[in-house]
Amino acid sequence: DIVYLDGHYIPAGEARISPFDRGFLFGDSVYEVIPYFRGTGFRLREHIARLEHSLRAVRIRSGRDWYAILDRLVELNGGGNLSVYLQVTRGDSGSRSHAYDASLEPTVFACCAPVRDFASVAAKDVKGLAAIVTADLRWHRCDIKSTCLLPNILVLQQARDHQADEALLLRDGLVTEGTSCNIFLVRQGVVYTPKRSSEILGGITRELVLELADENGIQYQEADIDYDALMAGDEVWITSSTRGVLPVTRIDGQPVGDGEKGPLWARMFELLTRYQRRLMTGE
Ligand code: PLP
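Model, not experiment: these values are computed from the prediction.

Colleague: So what's going on with the site of the ligand? Which residues, and what values?
Modeller: Around the ligand, the surrounding shell holds 13 residues, and the nearest of these are L201, G203, I204, T205 and S241. Secondary-structure elements contributing two or more residues to the shell around the ligand are α5 (204-215) and β13 (235-240). Sort the elements by how many residues they give to the shell around the ligand and α5 lands first, with three residues. Its residues assigned to classes, the shell around the ligand comprises four nonpolar, seven polar and two charged.

Encoded structure:
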């Protein structure tokens, strides 16, 4: 495995980062996860734009050629289906102090992991997920893709402790998103998803699903979803770049709708799969 660290492409085992790096000490850093399917970045431009948004929001310097860095890294790792992780920290302060010097050189790290192409699975073989609903313990800038993921980690583990796959988060009585995914609800043929705000991450797949809904005459609304609405949904889906769109068929031990994968999910899965295949074959 070859990783990228501050201008160098090196074997993962040779990568060294200072313990005084602010990413390590404070989680003073942002990141992206970008799947490449058959060597092609999935909505690469949108991912880079979101990275730039995160960097600007926390005032970490940018100015790198992200495209060149990632393309080379993917090539060195053999292309194919890879999930690329890219992290930018504020840099190495040389000592532990909350205050930072604006002239610090950011630390840039990127690595690859294998990922399954969600479009390579037939709808009938996709498993419905179980989720729990729990309090959203995160801060109020969830639009920033920050590496401070302790709340996400803790509630995902809580879900695992209940034999569930995901935790859906509630803030002030409203559903925000999952620990690493956005959420959609279907009621009487209409798709609902929380509107973009600083309480959720503007998911790349969320945006694409809304685009596909638009293009294909599927009715949708960006609207508040409370716990009762969630539990009364005919279908619930989650979306993320690595997972695509997946059906949630049990929430807090109760079946969602009839407890089966829903027809609108199957439609959206098909649309997303088709989009994804077109992207890979360049048609
Ligand atoms: N929400 C959170 C908190 C996430 O961490 C992620 C991605 O990992 C998403 C939503 C989905 O975003 P995307 O579709 O860009 O992968």
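Colleague: Could you give me a rundown of helix α4 (residues 150-161), with the residues and numbers involved?
Modeller: End to end, α4 covers 16 Å across twelve residues, agreeing with the expected 16 Å (1.5 Å per residue, within 8%). For α4, the full list of buried residues reads V155, L156 and A159. Down the axis, α4 shows its buried residues gathered within 105° of arc, on one side only. Of the residues in α4, the exposed ones pointing more than 90 degrees away from the buried face are L150, I153, Q157 and D161. Residues of α4 that are buried sit in contact with β7 (129-135) and β8 (166-171). Directly after α4, the chain includes Q163, whose backbone phi takes a positive value near 55°.

Colleague: Summarise the pairing of strand β9 (residues 174-178); cite the residues concerned and give the values.
Modeller: Of all five residues in β9, four are buried, a share of seventy percent or more. As defined by bridge partners, β8 adjoins β9 across three bridges and the pair is classed as antiparallel. Paired with L170 across the two strands is V175, which belongs to β9. From the end of β8 to the start of β9, which pair antiparallel, there are two residues, and D172 there has a positive phi angle of about 50°.

Colleague: Tell me about the environment of E75, and please be specific about residues and values.
Modeller: Among the structural elements, E75 can be located in helix α3 (residues 66-76). Spatially, the C-alpha atoms of E75 and A213 are 34 Å apart, while their sequence positions differ by 138 residues.

Colleague: Break down the sheet that holds strand β5 (residues 82-89) for me, citing the residues and quoting the values.
Modeller: Read across the sheet, six strands follow the order β2-β1-β6-β5-β3-β4 without closing on themselves; strand pairing throughout is antiparallel. Both edges of this open sheet fall to β2 (8-11) and β4 (40-41), since each of them pairs with a single strand only. Here helix α2 (residues 44-58) sits on the sheet and contacts β3 (29-37), β4 and β5; the angle it forms with β3, its principal contact strand, is near 175°.

Colleague: Mind laying out the domain arrangement of the protein, listing which residues take part and the relevant values?
Modeller: You can read the domains of the protein as domain 1 (2-115) and domain 2 (123-281). Between the C-alpha centres of domain 1 and domain 2 the distance comes to 26 Å. In this complex, domain 1 contributes 23 residues to the contact, which on the side of domain 2 involves 15 residues. When residues of the side of domain 1 that touches domain 2 are traced back to their parent elements, those giving at least two are β3, α2 and β5. A total of eight residues in the side of domain 1 that touches domain 2 trace back to one element, the largest contributor, which is β3. For the side of domain 1 that touches domain 2, a count of residues per class yields ten nonpolar, eight polar and five charged.

Colleague: Before we move on, could you go through the environment of I34 and cite the residues and values that matter?
Modeller: With respect to the helices and strands, I34 occurs in strand β3. You can call I34 buried: it has 27 C-beta atoms within 10 Å. Along the sequence, I34 and I48 sit 14 residues apart, while their C-alpha atoms lie 9.1 Å from each other. If near-sequence neighbours (up to four positions away) are discounted, I34 is found in contact with G41, F42, L44, H47, L70, V84, L86 and S241.

Colleague: Break down the pairing of β8 for me, with residues and values.
Modeller: Sheet topology places β7 next to β8; five bridges connect them, and they run parallel. Directly across from A135, in β8, lies its bridge partner L170. Considered for its hand, the β-α-β crossover made up of β7, α4 and β8 is right-handed.

Conventions we followed
- Residues numbered from 1 in each chain as written.
- Predicted model: local features only at pLDDT ≥ 70, side-chain atom pairs only at ≥ 80, totals over all residues.
- Near = placed C-beta within 6 Å.
- Helix = DSSP H or I, 4+ residues; strand = E, 2+ residues; numbered from the N terminus.
- Nonpolar A, V, L, I, M, F, W, Y, C, P; charged D, E, K, R; others polar.
- Expected span 1.5 Å × (residues − 1).
- Buried ≥ 20, exposed ≤ 12 C-beta atoms within 10 Å, placed from the backbone.
- Arc of directions from axis to C-beta.
- Contact = placed C-beta atoms within 7 Å.
- Pairing = 2+ DSSP bridges.
- Axes fitted to C-alpha atoms, helices over the stretch in contact; angles between N-to-C directions.
- Domains from an automatic or database assignment.
- Right-handed = clockwise from strand over helix to strand, strands pointing away.

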